[in-house]
Amino acid sequence: MICLHFFHGEGYDKTFIKNLKKIMDLSKKEIVTIASGADDVCKKCIYLKKGRCESSDNADKAIQKMDIKALALMGLSEGDKVKWLEMKDDLSSIFPDWYFQYCTECEWKKTCERDDYFKQLIQQL
Ligand code: SF4
């Protein structure tokens, strides 16, 4: 729910990217329901096996921890309904926590760094 705000069309394969683009387009128009665990984004991911992320040995647990942290930072709970673009406005206050815990070691950091808003948030650190 944090990382997707910096999405610009990158992903694991064409199917995943197509699904994610569709979700991102819809999220700008519709109310988003906060989910934890494998969600609509994960559904089309090559690493989702039997409802678990199998991208590495510890991936599923690590992602669950990330989800818990993201929810705590954003003050949200599973099932909450939010406006996606309003969530984006709230990111600036929680970004330092997120960045230093996750972004610094993230394999997708270079793609996020292409996003203007991400660059802006980094400058405020
Ligand atoms: S660098 Fe990684 S952890 Fe940070 S916002 Fe981007 S995808 Fe998420």
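A few points on the structure.

Conventions we followed
Residues numbered from 1 in each chain as written. Predicted model: local features only at pLDDT ≥ 70, side-chain atom pairs only at ≥ 80, totals over all residues. Heavy atoms only, no water. Helix = DSSP H or I, 4+ residues; strand = E, 2+ residues; numbered from the N terminus. Near = heavy atom within 4 Å. Nonpolar A, V, L, I, M, F, W, Y, C, P; charged D, E, K, R; others polar. Expected span 1.5 Å × (residues − 1).

## Re the environment of lysine 110
Along the chain, lysine 110 turns up in helix α4 (residues 109-112). Linking lysine 110 and leucine 73, residues 37 residues apart in sequence, is a C-alpha distance of 23 Å.

## Side note on unusual backbone geometry
If you check the backbone angles, lysine 50 has positive phi at about 50° while not being a glycine. Position of lysine 50 relative to the elements: it lies in the loop between β2 (48-49) and β3 (52-53).

## Quick look at the site of the ligand
Close to the ligand lie Cys3, Phe6, Trp98, Tyr102, Cys103, Cys106, Trp108, Lys109, Cys112 and Phe118. Split into classes, the residues belonging to the shell around the ligand amount to 9 nonpolar, no polar and 1 charged.

## Notes on helix α2 (residues 59-74)
Relative to the 22 Å expected for 16 residues at 1.5 Å per residue, α2 spans 22 Å between its end C-alpha atoms, a close match to the ideal helical length. Of the residues flanking the end of α2, it is glycine 75, one or two places downstream, whose phi is positive at about 70°.

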